[in-house]
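Coordinates in review
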Amino acid sequence: MMAFEKCHRDCRPDVTTYMFFFDGLVNSANDVGLLHYNEVLHHSLGSYKEVAKLVSTMCREIDRDADDSYLYMVADEANSYFSSSYAKVRAGLVRHYFSSWLVGFSTFGAIFALYLTLVQTASGIAGALDPLGKVNFSHI
């Protein structure tokens, strides 16, 4: 299919762009295993390592016609989103502080405890400063 798209001048390179997109998803045998486990990829090649090797070799000697395919816009939008600082901060928060509902609940509990500690500290400082305002230091 990829050779046909390259040789036929009226054909859009949708399969070629899809293969480049798929090559970006599959970098190792673990990626193939994850895609197979989630029923995105079905294969009969034997091992995940063989599938990863096949996918990586298919796009090795082919030029990308990025502007002619509909997947180019999808891949470009995904790349621009994932390179933004918002996506990186959000991914870090989700990975570390909200990986499950229990971890998220604990995080909110810790933030609330920190808030109450700050309120208690501020009221303690205000209470300690209040008697000092009534003292007359003019006789010293």
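Quick notes on the rules
- Residues numbered from 1 in each chain as written.
- Predicted model: local features only at pLDDT ≥ 70, side-chain atom pairs only at ≥ 80, totals over all residues.
- Heavy atoms only, no water.
- Core = buried A, V, L, I, M, F, W, Y, C linked by side-chain atoms within 4.5 Å.
- Buried < 20%, exposed > 50% of the residue type's maximum accessible area, 1.4 Å probe, protein only.
- Helix = DSSP H or I, 4+ residues; strand = E, 2+ residues; numbered from the N terminus.
- Contact = heavy atoms within 4.5 Å.
- pLDDT = per-residue confidence, 0-100.

1. Overview of the nonpolar core
- Ranked by size, the top nonpolar core spans eight residues in total: Phe22, Val26, Val32, Leu35, Leu41, Val51, Ala52 and Val55.
- Broken down by secondary-structure element, the contributors of at least two residues to this core are α3 (29-37) and α4 (48-58).
- Considering each element in turn, this core owes the most residues, three residues, to α4.
- Among all residues touching alanine 52, those that are not within four sequence positions of it are Val26, Ser28, Ala29 and Val32.

2. Describing the confidence of the model for the chain
- With 89% of its residues at a pLDDT of 70 or more, the chain shows a mean pLDDT of 82.
- Ranking the elements of the chain by mean pLDDT puts helix α1 (residues 2-7) last with 72 and helix α7 (residues 101-132) first with 90.

3. Some remarks on unusual backbone geometry
- Although it is not a glycine, glutamate 39 sits at a positive phi angle of roughly 60°.
- Within the fold, glutamate 39 resides in the loop between α3 and α4.
- For glutamate 39, a relative accessible area of 61% gives the class exposed.

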